[in-house]
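Residues per chain, in single letters:
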Amino acid sequence: QVQLVESGGGLVQPGGSLRLSCAASRSIFSINTMGWYRQTPGKQRELVTFITTGGNTFNADSVKGRFTISRDNAKNMLYLQMNSLKPEDTAVYYCNSYPPVARYWGQGTQVTVSS
């Protein structure tokens with residue numbers, strides 16, 4: 001069974017930090033570039049960042065210098081360290097392969113940045 005389970009979201013003040021985690025099935029994680037995506041009401045889901053199996057990364061301009069993606073291949077875990085958070089970062093955050101596979105989308109984890 002293929003599973004992606006996100007955790008670590010919550011309420012944080014502007015300028016604060018959060019660390020998101022994604023537990024992935026080995027069958028996905030071992031062979032795929034993995035990414036973090038986010039979605040707000042009324043908007044399309046967008047790619048935030050991804051990391052290849054070899055550790056090469058890409059960041060959207062909106063999060064460059066603030067977010068860091070990482071992966072632990074031995075544990076099949078994906079992480080997103082988010083620093084200097086802004087209200088516009090508020091969204092439901094999802095993990096998936098990159099490019100994403102539709103049937104893999106999970107529940108996501110809510111990140112709310114507000115004072």
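Here, every reference points to the structure presented above.
Residues numbered from 1 in each chain as written. Predicted model: local features only at pLDDT ≥ 70, side-chain atom pairs only at ≥ 80, totals over all residues. Heavy atoms only, no water.

Asks: Any chance you could explain the nonpolar core here in plain terms?
Replies: Nonpolar side chains tend to gather and get buried jointly when the protein is soluble and globular. Core analysis: the largest hydrophobic core is formed by 26 residues, its most contacted members being Leu4, Trp36, Phe67, Leu78, Leu80, Met82 and Tyr93. Elements represented by at least two residues in this core include exactly strand S3 (18-24), helix H1 (26-29), strand S4 (34-39), strand S5 (46-51), strand S7 (67-72), strand S8 (77-82), strand S9 (91-97) and strand S10 (109-113). When residues in this core are grouped by element, the largest group, four residues, is from S3. In contact with Tyr93, not counting residues within four places along its chain, are Glu6, Leu20, Trp36, Tyr37, Arg38, Val48, Phe67, Leu80, Met82, Gly108, Thr109 and Val111. (Core = buried A, V, L, I, M, F, W, Y, C linked by side-chain atoms within 4.5 Å. Buried < 20%, exposed > 50% of the residue type's maximum accessible area, 1.4 Å probe, protein only. Helix = DSSP H or I, 4+ residues; strand = E, 2+ residues; numbered from the N terminus. Contact = heavy atoms within 4.5 Å.)

Asks: What am I meant to see in the pairing of S10 here?
Replies: For a regular strand, side-chain orientation follows a simple rule: the groups alternate between the two sheet faces. Of the two faces of S10, the one lined by Thr109, Val111 and Val113 is fully buried and the one lined by Gln110 and Thr112 carries no buried residue. Here S9 pairs with S10 via three bridges, running antiparallel. The residue bridging Tyr93 from the neighbouring strand is Thr109, located in S10. (Pairing = 2+ DSSP bridges.)

Asks: Even after reading the chapter, I still don't get the sheet that holds S7, so can you show me in this structure?
Replies: In sheet architecture, strand pairing relies on hydrogen bonds along the backbone and comes in two forms, parallel and antiparallel. The sheet built from four strands is open, its strands ordered S1-S3-S8-S7 with antiparallel pairing. Looking along the sheet, the strands with just one partner apiece sit at the ends: strand S1 (4-7) and S7. Taken over all neighbouring pairs, the strand axes of this sheet differ in orientation by 15° on average, direction set aside. With six bridges joining them, S7 and S8 adopt antiparallel strand pairing. Of the residues in S8, the one forming a bridge with Arg71 is Leu78. (Axes fitted to C-alpha atoms, helices over the stretch in contact; angles between N-to-C directions.)

Asks: Please clarify how the pattern of salt bridges should be interpreted in this entry.
Replies: For side chains bearing opposite charge, pairing can occur when the charged atoms are close. Throughout the structure, instances matching the rule amount to four salt bridges. The shortest N-O distance in the salt bridge between Lys64 and Asp61 comes to 3.2 Å. Residues joined in a network through salt bridges with shared partners are Arg38, Glu46, Arg66 and Asp89. (Salt bridge = Lys/Arg side-chain N within 4 Å of Asp/Glu carboxyl O.)

Asks: Would you explain the side chain of Asn96 in this entry?
Replies: Along the chain, the position of Asn96 falls in strand S9. At a separation of 3.4 Å, a polar atom in the side chain of Asn96 contacts the side chain of Ser97. (Polar contact = N/O pair within 3.5 Å; in protein donor to acceptor, adjacent residues only side chain to side chain.)

Asks: I would appreciate a short explanation of the side chain of Thr109 in the present structure.
Replies: By the secondary structure assignment, Thr109 is in strand S10. Looking at Thr109, the relative accessible area reads 10%, which means it is buried. Setting aside anything within four residues of it in sequence, one finds Thr109 in contact with Glu6, Ser7, Gly8, Gly9, Leu20, Ala91, Val92 and Tyr93.

Asks: I would appreciate a short explanation of the packing of aromatic side chains in the present structure.
Replies: For the structure on display, the rule yields four aromatic pairs. Each ring, one from Phe50 and one from Tyr98, has its centre 4.4 Å from the other, and the planes form 15°; the classification is stacked. Here Phe50 is found in strand S5, whereas its partner Tyr98 is found in the loop between S9 and S10, with 48 residues between them in sequence. You can call Phe50 buried: its relative accessible area is 17%. Owing to a relative accessible area of 34%, Tyr98 belongs among the partly exposed residues under this scheme. Their ring planes at 80° and their centres at 5.8 Å tell us that Tyr94 and Trp105 sit as a pair that is edge-to-face. One end of the pair, Tyr94, is in strand S9; the other, Trp105, is in the loop between S9 and S10, and eleven residues separate them in sequence. The class of Trp105 is partly exposed, set by a relative accessible area of 24%. Over the face of the ring belonging to Tyr79 we find Arg19, whose NZ or CZ atom lies 4.0 Å from the ring centre. Sitting over the face of the ring of Phe29, Arg71 holds its NZ or CZ atom 4.2 Å from the ring centroid. (Phe/Tyr/Trp six-rings, centres within 6.5 Å; stacked < 30°, edge-to-face > 60°. Lys NZ or Arg CZ within 6 Å of the ring centre and 35° of its normal.)

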